[in-house]
Amino acid sequence: MWLPLCLRSQTACRGYAAALLKCSRHWETGPLFSHSAGPAALTTSKALLFRKHGDPSKVVQLEDVDLPPIGAKDVLVKMLAAPINPSDINMIQGTYAILPDLPAVGGNEGVAQIVEVGGQVTSLKTGDWVIPKDAGLGTWRTVAVLAEDDVISLPNDIPLLSAATLGVNPCTAFRMLSDFEDLKPGDSVIQNAANSGVGQAAIQIAAARGISTINVVRDRPEFTQLSDRLKAMGGTHVIKEEALRRPEMKELFKTCPKPKLALNGVGGKSATELLRHLQYGGSMVTYGGMAKQPVTVPVSALIFKDVKVRGFWVTQWKRDHSSHGKAFRAMLDELCHLIQQGKLTAPACTEVGLQDYSKALDAAMQPFTSAKQVLIM
């Protein structure tokens, strides 16, 4: 639910904003939210706002935004941390599949702590950690008033960065590993973009299920360090893209079964090469297109290998399952259990203060990005 925005001058609440930005990332109720003043006394939020689509470095500004009243079915939340994802960048650029009304607050993912609940809120309480159920809430801000039905709770004993990055990439990996092929322990999966947030989550979730992963990454100066890191997460094999057409793949498949499932986050030639190594009847699921090139499927793969070519968008999955929410709740519970067991960690992250958003946006748009930028409120 997008709530109306009323904009103030940059100086309107400078003292409030400064105090808010000094809050610990593991915020606890303190003088700023005292019962005497009451959470309702909060009237503004610092927010990363864009009034038009374009280059994020030019159109995103840190501004003061007035908070609407807390309705009976609303919650007032203090944002704790929010990542910068490729979809966030695309939304600002105006190229994403869904676009908010402008002006809009950036950010589709993050974790917040509830400060106050409306009189008719039944599923949440003060102090709960929550994440958005859907894209479009605008998480790059310090405080927000949100509808109870637009957020879902998480246990607050998991690491902050794991909570902040849970709603998109791990959910995407979880669903692709669960919904397209009946994978059993001992089976294998091949994926490109293995160092992405989705790729790292897929490695760990697959490892927890006893599934081998063949992880493809672009060549780079620090390939050995990256390979070691992905293997430490549970990746079975880490190879360069150019190796997909080399004889060593035959050697690899002497010890590892041909994959039933391919996860494609790149497109172009990389996707075609993944198809080459699928076993008969296997599936390739495309969830991203970093190469900005179409997926080309050889006729022989369709006729002689009967491969299935599918797409996946976690936002659509959430909307398709929003009526009762049980599937989303069950998935989050399973993912959080893996986190609590130490089997699923957050991707490599760089924590950046909200006031340093320009630096974070620039870093998020660089090629060969090795760490996810996370805004700490």
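Residues numbered from 1 in each chain as written. Predicted model: local features only at pLDDT ≥ 70, side-chain atom pairs only at ≥ 80, totals over all residues. Heavy atoms only, no water.

Right, let's get into the packing of aromatic side chains. In this structure the tally under the stated criterion is 3 aromatic pairs. Here phenylalanine 180 and phenylalanine 312 contribute two aromatic rings whose centre-to-centre distance is 6.2 Å and whose plane-to-plane angle is 90°, an arrangement assigned as edge-to-face. Of this pair, phenylalanine 180 sits in the loop between helix H5 (169-179) and strand E10 (188-191) while phenylalanine 312 sits in the loop between strand E15 (308-311) and helix H11 (314-320), and the two are 132 residues apart along the sequence. With respect to burial, phenylalanine 180 and phenylalanine 312 carry one shared label: buried. The lysine or arginine in question, lysine 240, covers the ring of phenylalanine 223, its NZ or CZ lying 4.9 Å from the ring centre. (Phe/Tyr/Trp six-rings, centres within 6.5 Å; stacked < 30°, edge-to-face > 60°. Helix = DSSP H or I, 4+ residues; strand = E, 2+ residues; numbered from the N terminus. Buried < 20%, exposed > 50% of the residue type's maximum accessible area, 1.4 Å probe, protein only. Lys NZ or Arg CZ within 6 Å of the ring centre and 35° of its normal.)

Our next topic: the layout of surface pockets. Each pocket or cavity is described by its volume, and for the second largest pocket that value is around 270 Å³. Residue lining of the second largest pocket: 15 residues in total, with Lys133, Asp149, Ser322, Gly325 and Phe328 positioned closest to the centre. Those elements that provide at least two residues to the lining of the second largest pocket are H11 and helix H12 (326-340). Looking at which element gives the most residues to the lining of the second largest pocket, the answer is H12, with 3 residues. Across the lining of the second largest pocket, the residue classes break down as 2 nonpolar, 5 polar and 8 charged. (1 Å grid on protein atoms, 1.4 Å probe; cavity = no way out; pocket = protein on both sides within 12 Å on 5 of 7 lines; lining within 4 Å. Points joined across faces, edges and corners; volume = space filled by probe spheres on them. Nonpolar A, V, L, I, M, F, W, Y, C, P; charged D, E, K, R; others polar.)

In this structure the tally under the stated criterion is 15 salt bridges. Note that arginine 175 is salt-bridged to aspartate 179, the shortest N-O span being 2.7 Å. One end of the pair is arginine 175 and the other is aspartate 179, both in helix H5 and 4 residues apart, which spans about a single turn. Relative accessible area serves as the criterion here: at 11%, arginine 175 is assigned to the buried category. A single network of salt bridges, built from pairs that share partners, joins Arg245, Glu273 and Arg276. (Salt bridge = Lys/Arg side-chain N within 4 Å of Asp/Glu carboxyl O.)

The biggest cluster of nonpolar side chains holds 45 residues, and the ones touching the most others in it are Val111 and Leu177. The dominant element in this core, judged by the number of residues it contributes, is H12, at 7 residues. Residues contacting valine 111, with those up to four places away along its chain left out, are Met79, Leu80, Ala81, Trp129, Val130, Ile131, Leu160, Ala163 and Ala164. Within the second largest apolar cluster, 30 residues are counted, among which are Val59, Val60, Ile92 and Ala104. (Core = buried A, V, L, I, M, F, W, Y, C linked by side-chain atoms within 4.5 Å. Contact = heavy atoms within 4.5 Å.)

Packing of H5 against helix H6 (residues 197-208) brings their axes to within 8 Å, and their N-to-C directions diverge by 50°. As the angle between them shows, H5 and H6 are arranged oblique. When you trace H5 past H6, the crossing you get is right-handed. On H6, the residues that touch Asn169, Pro170, Thr172, Ala173, Phe174, Met176 and Leu177 of H5 are Gly197, Val198, Ala201, Ala202, Ile205 and Ala206. Its residues placed into classes, the contact of H5 with H6 shows 10 nonpolar, 3 polar and no charged. (Axes fitted to C-alpha atoms, helices over the stretch in contact; angles between N-to-C directions. Parallel < 35°, antiparallel > 145°, perpendicular 65-115°, else oblique. Left-handed = near helix turned anticlockwise from the far one by under 90°.)

On to H5, then. Count 3.6 residues to each turn of an α-helix, and residues three or four apart come out pointing the same way. By the criterion of burial, H5 is predominantly enclosed, with 9 of the 11 residues buried. All of the buried residues in H5 are Asn169, Pro170, Cys171, Thr172, Ala173, Phe174, Arg175, Met176 and Leu177.

Turning to the sheet that holds E15, a few remarks are in order. An order of E12-E11-E10-E13-E14-E15 is seen for the 6 strands of this open sheet, with the pairing classed as parallel. Two strands bound the open sheet, and with one partner strand each, they are strand E12 (237-240) and E15. Averaged over all pairs of adjacent strands, the angle between their axes in this sheet comes to 20°, without regard to strand direction. Of the pairings in the sheet, the one linking E10 to strand E11 (residues 212-217) comprises 4 bridges and is parallel in character. Among the inter-strand pairings, valine 189 is bridged to a residue of E11, identified as threonine 213. Of the strands in this sheet, E10, E11 and strand E13 (261-264) touch H6, which is tilted by about 165° from E11. Packed on one face of the sheet, helix H7 (residues 223-233) meets E11 and E12 and runs near 155° to E12. (Pairing = 2+ DSSP bridges.)

Our focus in this paragraph is helix H13 (residues 357-364). If you check which residues of H13 are buried, you get Tyr357, Ala360 and Leu361. Down the axis, H13 shows its buried residues gathered within 100° of arc, on one side only. Looking at the buried positions of H13, the neighbouring elements they touch are strand E2 (44-50), helix H2 (56-59), strand E3 (60-66), helix H3 (86-93), strand E16 (349-353) and strand E17 (372-376). (Arc of directions from axis to C-beta.)

Mapped onto the fold, lysine 46 is located in strand E2. Here aspartate 64 takes part through its side chain, which lies 3.4 Å from a polar atom of the side chain of lysine 46. (Polar contact = N/O pair within 3.5 Å; in protein donor to acceptor, adjacent residues only side chain to side chain.)

The predicted model of the chain averages 88 in pLDDT, with 88% of residues at 70 or higher. This model gives residues 1-38 a pLDDT under 50, and the stretch forms 74 contacts once residues within four places in sequence are excluded. (pLDDT = per-residue confidence, 0-100.)

Along the chain, the position of lysine 250 falls in helix H8 (residues 248-255). Taking the relative accessible area as the measure of exposure, lysine 250 reaches 67% and is therefore exposed. Along the chain, lysine 250 and histidine 277 lie 27 residues apart, while their C-alpha atoms are 9.8 Å from each other.

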